[in-house]
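Structural overview for review
Listed below, chain by chain, are the residues.
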Amino acid sequence: MAKTVDDSVFDAGLNVIAGATTLHFCSGAPSNFAAVSGLSLASVAVDAGDFSIANGDTSGRKVTVASQSGVSVSGSGTVNHAALVTGSALLLVTEIGAQAVTSGNTIASNAFDFELRDPT
């Protein structure tokens, strides 16, 4: 039996992620919104211009988060996860390349994406 999902269904979910207001660079994977503050070593405000939705690399659809630079570091440690939040909701957590950071310096990140694949 064939399975299909219209792009508009994927885009609705990806638009929620693209509604994030803050990108946190964390020293681990926060499991909920409350855990973000304890793991965040740097953060930056984001808006709709930092996100783009397009066809997925494999299938389905994806949201890409733009690269960031000059983000002020508020704590020392190793950043290895990015967390997107809005209000009191943790929207997305993903692994990123580990980077040692020192409080008072700045951090830069490459663009990253999150893909929703077509059903099989």
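Located above this text is the structure these notes cover.
**Section: the nonpolar core**
Residues Leu23, Phe25, Val46, Phe51, Leu84 and Ile107 are the most contacted members of the largest nonpolar core, which totals 22 residues. Secondary structure elements with two or more residues in this core: α1 (7–17), β1 (22–26), β2 (40–45), β4 (61–65), β6 (77–86) and β7 (89–101). Residues within four places of Val46 in sequence aside, it is in contact with Ala20, Thr21, Thr22, Leu23, Phe51, Gln68 and Leu84.

**Describing the environment of Ala12**
Turning to its location among the elements, Ala12 is positioned in helix α1. On the basis of relative accessible area, Ala12 is assigned to the partly exposed category, the value being 45%. As for Ala12 and Thr22, which are separated by ten residues in sequence, their C-alpha atoms are 19 Å apart.

**Section: the sheet that holds strand β9 (residues 112–116)**
Hydrogen bonds along the backbone pair up the strands of a sheet, which may run parallel or antiparallel. Within the open sheet, the three strands sit side by side as β3-β4-β9. Their pairing is antiparallel. The open sheet has two edge strands, β3 (51–55) and β9, and neither has a second partner. Across this sheet, the average inter-strand angle for adjacent strands is 20°, counted without regard to direction. When β3 meets β4, the two strands line up antiparallel, connected through five bridges. In the strand pairing of β4, Ala54 is matched with Lys62. Across the sheet, α1 is in contact with β3, β4 and β9; its angle to β4 comes to roughly 20°.

How each quantity is defined
Residues numbered from 1 in each chain as written. Predicted model: local features only at pLDDT ≥ 70, side-chain atom pairs only at ≥ 80, totals over all residues. Heavy atoms only, no water. Core = buried A, V, L, I, M, F, W, Y, C linked by side-chain atoms within 4.5 Å. Buried < 20%, exposed > 50% of the residue type's maximum accessible area, 1.4 Å probe, protein only. Helix = DSSP H or I, 4+ residues; strand = E, 2+ residues; numbered from the N terminus. Contact = heavy atoms within 4.5 Å. Pairing = 2+ DSSP bridges. Axes fitted to C-alpha atoms, helices over the stretch in contact; angles between N-to-C directions.

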